[in-house]
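# Observations on chain architecture
If you want the building blocks of each chain, they are given just below.
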There are 2 protein chains.
Amino acid sequence: MKSAILFGGASYEHEISIVSAIALKKVLKGALTFIFLDADGNFYLIPSDSMKSNHFSSGDYKNDERLTLVRGGFEKRGLLKSRRLEHGTLLNLIHGAEGEDGTIAALLDFFKIPYIGPRKEASVLSFNKWLTKLYAEGIGVRTVDYQLLRIGDAREPIFGYPIIVKPLRLGSSIGVSIVRKAEELDFALDVAFEFDDEVLIEPFIEGIEEYNVAGCKAGEEWILSRIEAPQKKEYLDFDQKYLDFARTESVQTANIDATLESDLKETFKKVYGSLFEGALIRCDFFVASGEILLNEINPIPGSMANYLFEDFSGTLAQLENHLPRKRPIVPDYAYINKVQSAKGPKLGSDR
Amino acid sequence: MKSAILFGGASYEHEISIVSAIALKKVLKGALTFIFLDADGNFYLIPSDSMKSNHFSSGDYKNDERLTLVRGGFEKRGLLKSRRLEHGTLLNLIHGAEGEDGTIAALLDFFKIPYIGPRKEASVLSFNKWLTKLYAEGIGVRTVDYQLLRIGDAREPIFGYPIIVKPLRLGSSIGVSIVRKAEELDFALDVAFEFDDEVLIEPFIEGIEEYNVAGCKAGEEWILSRIEAPQKKEYLDFDQKYLDFARTESVQTANIDATLESDLKETFKKVYGSLFEGALIRCDFFVASGEILLNEINPIPGSMANYLFEDFSGTLAQLENHLPRKRPIVPDYAYINKVQSAKGPKLGSDR
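All of the points below concern the structure found in this document. Numbering of residues starts from 1 in each chain and follows the order in which that chain's sequence is written. Working convention: letters from A go to chains and numbers from 1 go to ligands, in the order in which they are written. Residue-level local features of this predicted model are given only where pLDDT is at least 70; pairs of side-chain atoms are given and counted only at 80 or more, and the full residue set underlies all totals for whole chains, interfaces and linings. Side-chain numbers here rest on the full set of heavy atoms in the structure, without hydrogens or water.

### Some thoughts on the overall build of chain A
Secondary structure elements are defined from DSSP: runs of H or I of at least 4 residues count as helices, runs of E of at least 2 residues count as strands, and each element is numbered from the N terminus. Tallying secondary structure elements over chain A gives ten helices and 17 strands in all. The reference for a compact globule is 2.2 Å times residues^0.38; the radius of gyration itself is calculated from the C-alpha atoms. Since a compact globule built from 351 residues should have a radius of gyration of about 20 Å, the 22 Å found for chain A is in line with a globular shape. The rule is simple: take the accessible area with a 1.4 Å probe, protein chains only, and divide by the maximum for that residue type; under 20% is buried, over 50% is exposed, in between is partly exposed. Looking at chain A as a whole, 60% of its 351 residues are labelled buried. It only takes one pair of heavy atoms within 4.5 Å for two residues to be counted as in contact. At a minimum sequence separation of 6, the contacts of chain A that also span at least 24 residues come to 66%. Note on areas: these come from Shrake-Rupley sampling with a 1.4 Å probe, and a residue is covered only by the protein chains present in the view. Per element, the accessible surface of chain A, about 14,400 Å² overall, is 48% carbon and sulfur.

### Structural notes on the pairing of strand β1 (residues 3–8) of chain A
Consecutive side chains of a regular strand alternate in pointing toward one face of the sheet and then the other. All names here are of chain A. Along β1, six of the six residues are buried, which leaves the element largely enclosed by surrounding structure. Residues of β1 alternate between two faces, with Ser3, Ile5 and Phe7 on one and Ala4, Leu6 and Gly8 on the opposite face, all of them buried. Criterion used throughout: strands pair if DSSP finds at least two bridges between them. With four bridges joining them, β1 and strand β7 (residues 89–92) adopt parallel strand pairing. Note that in β7 the partner of Leu6 across the bridge is Asn92. Two elements, β1 and strand β2 (residues 32–37), share six bridges in a ladder whose sense is parallel. Bridge pairing links Ser3 to Leu32 in β2. This β-α-β element, β1 to helix α1 (residues 14–27) to β2, shows right-handed connectivity. The handedness rule is simple: strands pointing away from the viewer, and a clockwise path from the first strand over the helix to the second, make the crossover right-handed.

### Here we look at the sheet that holds strand β12 (residues 177–179) of chain A
Residue and element names in this part refer to chain A. Read across the open sheet, the four strands follow the order β10-β13-β11-β12; overall the sheet is antiparallel. Each having just a single partner strand, β10 (147–150) and β12 make up the two edges of the open sheet. Here the strands of the sheet are splayed against their neighbours by 30 degrees on average, with no regard to which way each runs. Two strands pair when backbone bridges link them, and β10 and strand β13 (residues 198–203) are joined in this way by four bridges, in the antiparallel orientation. Bridging across to β13, Arg150 finds its partner in Glu198. Lines fitted to C-alpha atoms define the axes, with helix axes restricted to the stretch in contact, and inter-axis angles between N-to-C directions lie between 0 and 180 degrees. In the packing of helix α5 (residues 129–138) onto the sheet, the strands contacted are β10, β11 (163–167) and β13, and the crossing angle to β13 comes to about 55 degrees. Strands β10, β11, β12 and β13 of the sheet are contacted by helix α6 (residues 185–195), whose axis makes an angle of about 20 degrees with β11.

### Observations concerning the packing of aromatic side chains
Note on aromatic contacts: the rings of Phe and Tyr and the six-membered ring of Trp form a pair at centre separations within 6.5 Å, being stacked when their planes are under 30 degrees apart, edge-to-face when over 60 apart, and tilted otherwise. On inspection of all chains with the given rule, the structure shows 32 aromatic pairs over all chains. Where Phe43 of chain A meets Phe74 of chain A, the ring centres are 5.1 Å apart and the plane angle is 65 degrees; that geometry is what we call edge-to-face. Here Phe43 of chain A, found in strand β3 (residues 43–46), pairs with Phe74 of chain A, found in strand β5 (residues 73–77); they are 31 residues apart in sequence, far enough to count as distant. The same class applies to Phe43 of chain A and to Phe74 of chain A, which are both buried. Their ring planes at 85 degrees and their centres at 5.0 Å tell us that Tyr12 of chain B and Phe195 of chain B sit as a pair that is edge-to-face. Residue Tyr12 of chain B is found in the loop between β1 (3–8) and α1 (14–27), and its partner Phe195 of chain B is found in helix α6 (residues 185–195); the two are separated by 183 residues along the sequence. When its relative accessible area of 29% is taken as the criterion, Tyr12 of chain B is described as partly exposed. Residue Phe195 of chain B is classed as partly exposed on the basis of its relative accessible area, which comes to 22%.

### Notes on the pairing of β2 of chain A
Residues and elements named next belong to chain A. In terms of burial, β2 is a largely internal element, six of the six residues being buried. Residue alternation in β2 divides its side chains into two sets, Leu32, Phe34 and Phe36 and Thr33, Ile35 and Leu37, and both sets are buried. Here four bridges tie β2 to β3, and the two strands are oriented antiparallel to one another. Paired with Phe36 across the two strands is Tyr44, which belongs to β3. The antiparallel hairpin formed by β2 and β3 contains five residues in its connecting segment, where Gly41 sits at a positive phi of about 85 degrees.

Any link to function would need more than the numbers given here.
This is how it looks when you write it as structure tokens:
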């Protein structure tokens, strides 16, 4: 498999995207090209042996070759002529803003570059936690109850404490707090509003069971990962999640009964639907009183959840062979020609 | 007001975008730059006196100056040096795919070009008619009952005839049919599935009252248009809507009582919310048994619904002064530096 990893981006998760890309370098077989998008919107071709985190934090990457986005791919621009970069399918590994909010999807669609990753609609619906809830409701999947608060709204939670406060549009637990009593609320909201004008409040359910499943649909075939019961902690803070993005070692399958396993997998498929075609996603579920609740959808999971798959390289290769195609639209100017020839009273005036 | 109109695009509504741009040339005061995006993804600078529909249908536009999208705007590329095009705020006037589906929004966001038009989330939620319904439900606005059908699903409407069949993601009535009896269903679905893999079925309500309102929020100020009761027809077919996009003459305010007028305007504001900030949109409402239903949101209405406003140029100028700003994100590499200095067991291995 010849493919390229696109990472970086102007996002709070810029750094974990770098860490994620380094992790994938370790686990992916085949020829890999590394394309870094810096926070200023410039693309760089990173030599494989420079794929170390301090290459980026030091700014050394700026000495690497610049790439220009063109129709169908990237070009290395020379003084006299430009050469096309041969990179195969692109893997969108930009976590958080730009990568997961639909910007990169739209950019790659517009420039007709084939890619693995969520499309625009899928990005928007998973990046905004409120929209994820509306989507889940629309497909008959339950989520935790919530309250939406805009900056400036009265700070009155409708749930009893403890509650969890989350910026609406960030991943990786950034700006997320558990609030155990009223006195802690203002600080938690101030933190969350640092990142977004909208905040989601949910009741915090102590000791809830958590299960993660990753997977994709390659044509008609489902490839689902093993189910992980992530390490129990109050919640993952950013440092913890950060290390999580570096994961390359396989995990144990959760010790659950066949019914729950099958229910989790069916719920995953329902969420994935046709919306996430072209992407390998991870769904994080809660199980409360025997009922499955969707907690969040990671359309570009940390290190692509490689550690959950038996054959990660094979899974990506299969997905790559089944990327969604857009219907080509070629305007034939039929209407303009018709109106031109009829010299209609309204359009005639534009001649 | 110095601004640029971006029109064209790879969409079934490519032609009506041209017609829309020609209409705006007539009604907008101030210096205007015309930037045409052809169906192959190339940008052209169109001289003002070439803004005639046959300039595009004939392919003559290809002799105009090519533009390249760069950070902050467009460049005219010369053999020896490139010159920046001074164009002011861009008005996204690309109807349908690309313009209204979030592609152009993402592109302009990525290249940091200020624009009037729906942002990514707003685009995705209004372009996909199912998502519009989920959004409306989420904000407490009613819509017509519906059934979602995917290509390959059993063709069994849950409503009695007549019903209306719509491709999920197209505007301007393309692919839309009213089905009055079972024998007509297959053909209508075949037509709709020509355009999208998903189709929406709604009961068709004869003689329902229709009202259109356009507007925007400029800072804290709402600018709402007069309310129009569009000409009663079974439904607007594409030819009809096409002429609609060329509209430049003011319309009469609908003859409705003060309560309904105020209710329609309040519903418009609820729909616009914070989601559509930066855009001038038109909402099409139904009123059935005294209840307001949202029919559709046009985040880039034909000829920008100029004919509904008292002072259209002034409205756009005000909106231009209140475009939403993105929070700048500058990665400080704090985590990488921390991990580098700690030489953590997992990340150390990437050195």
